[in-house]
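Structure assessment
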Amino acid sequence: MEPLPGADPLLLTPGPLTTSATVKQAMLHDYGSRDIRFIELNQRICAGLLSLCDASETHLCIPLQGSGSFAVEAMIANQVPGEGKLLNLVNGAYGHRISEICSYLGRRVSVLETGEDRPVDVAGLDQALAADEEITHVAIVYCETTSGILNPVADIAQVVATHQRSLLIDAMSAFGALPLSAPEVPFAALAASANKCLESVPGMGFVIAAREAFPATEGNAHSTSLDLYRQWRSLNDNGQWRFTPPVHCLLALDQALVELEEEGGIAGRRRRYEENCRVLVEGMRELGFATLLPDELQAPVIVTFLMPGNDQFSFPDFYRRLNDRGYVIYPGKLTGTDSFRIGCIGHFGADEMQAAVAAVKQVLQTMGIRNLGSE
Ligand SMILES: *Cc1c(COP(=O)(O)O)cnc(C)c1O
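Residues numbered from 1 in each chain as written. Predicted model: local features only at pLDDT ≥ 70, side-chain atom pairs only at ≥ 80, totals over all residues. Heavy atoms only, no water.

As a further point, take the environment of Arg-325. Here Arg-325 is to be found in the loop between helix H10 (315-324) and strand E12 (327-328). Using a relative accessible area of 17% as the deciding quantity, one classes Arg-325 as buried. Separated by 172 residues in the primary sequence, Arg-325 and Val-153 place their C-alpha atoms 38 Å from one another. (Helix = DSSP H or I, 4+ residues; strand = E, 2+ residues; numbered from the N terminus. Buried < 20%, exposed > 50% of the residue type's maximum accessible area, 1.4 Å probe, protein only.)

Here it is as structure tokens:
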């Protein structure tokens, strides 16, 4: 499939990703921040986000300007008090970023790390919480986008609840496509953004935080612009963000939430991503590529492929040739293993993924490689 002249490429990347024309069109308005339509837009979006994780009765939604990392940093600053201590479950770069945030914030952190191709250690978590009374919070990345691995967030939540600690979830690349129900997976707070499985444009994230404990978080934040307590107070008191709101992002997200609903909610979106993932993995394996993860650990979000050992295969060349055909993929992010990644999320389905695999096949041919597996 050759892209139309001037058409955007298909982004097989985990955000920014390909959005629908209607999501982009929704941004063709200028609303003032005191416009009643804008205030209602905020309320509708926050209510929609809470209902996606069955948290309308138990949690608050606090939107925030910036990319997803801003929301993660704000969540940690708001939730973990100065005298608190975080146990960070790490199996990839986003987990490490949480430790880095703690070190900037001056929050104590201890790390329980597993390999990038293994889920985090639930039994080890149980032991660590039993052994260290000072740990107040536990952090986990639901889908670790570094590798594409699914972490056992429900099991982790049970252990954390049993030990009566608070769970913080980086749900960035999961929210909107993987199940997360507050009554079943107790959590103190989660952070996510508009531009991954919600299929909206980048520019804002949000934190969903337990309502009962929220007033006690006043004063925890180290930063004015990332102070979630004050952001929530302002929205609650007068319907206003404290600083210039990303109006067009909110308009796009509102439309993206409508489209999520039309697709059958989280279950419907997940089915499409699972199909995208299946077509990708089967097609790439047929061409001789190998996945980092076994299928049972793979989230239908982004797939890591091992760099082929073939002498004729050069990744920069492969990337450029795919790009010329209208497909943008992602370099690898693993520490020890040479790899690249292809995303399954965004506004496209199995036909587009099939065409992407066909483009990979053509590219291999133009590189003079007939079959990676057999050479
Ligand atoms: C994308 C992502 C983030 C945030 O990344 P930004 O580039 O700041 O949007 C955080 N955690 C995970 C797991 C992610 O996939």
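Back to the write-up after that little detour.
Strand order in the open sheet made by the three strands is E11-E14-E13, with antiparallel pairing throughout. At either margin of the open sheet sits one strand with a lone partner, and together these are strand E11 (302-306) and strand E13 (330-331). Inspection of the sheet shows E11 paired to strand E14 (residues 339-343) by five bridges, in the antiparallel sense. In the strand pairing of E14, Leu-306 is matched with Ser-339. (Pairing = 2+ DSSP bridges.)

Domain boundaries in the protein chain define domain 1 (10-17 + 265-366) and domain 2 (21-262). For domain 1 and domain 2, the distance between their C-alpha centres works out to 27 Å. Counting from both sides, the interface comprises 27 residues of domain 1 and, opposite them, 29 residues of domain 2. Interface of domain 1 and domain 2: buried area, both sides summed, is about 2,400 Å²; carbon and sulfur atoms make up 60% of it. Looking only at domain 1, the three residues that lose the most surface to domain 2 are Ile-266, Arg-269 and Lys-333, adding up to 27% of its buried area. Counting across the domain 1 and domain 2 interface gives two salt bridges. Between Arg-269 and Glu-199 there is a salt bridge; the shortest N-O distance is 3.8 Å. Our count for the contact surface shared by domain 1 and domain 2 stands at 10 residue pairs in polar contact (both at pLDDT 80 or more). Listed by contribution, the elements that provide at least two residues to the side of domain 1 that touches domain 2 are helix H9 (265-286) and E11. (Domains from an automatic or database assignment. Contact = heavy atoms within 4.5 Å. Buried area = accessible area lost by both parts, 1.4 Å probe. Salt bridge = Lys/Arg side-chain N within 4 Å of Asp/Glu carboxyl O. Polar contact = N/O pair within 3.5 Å; in protein donor to acceptor, adjacent residues only side chain to side chain.)

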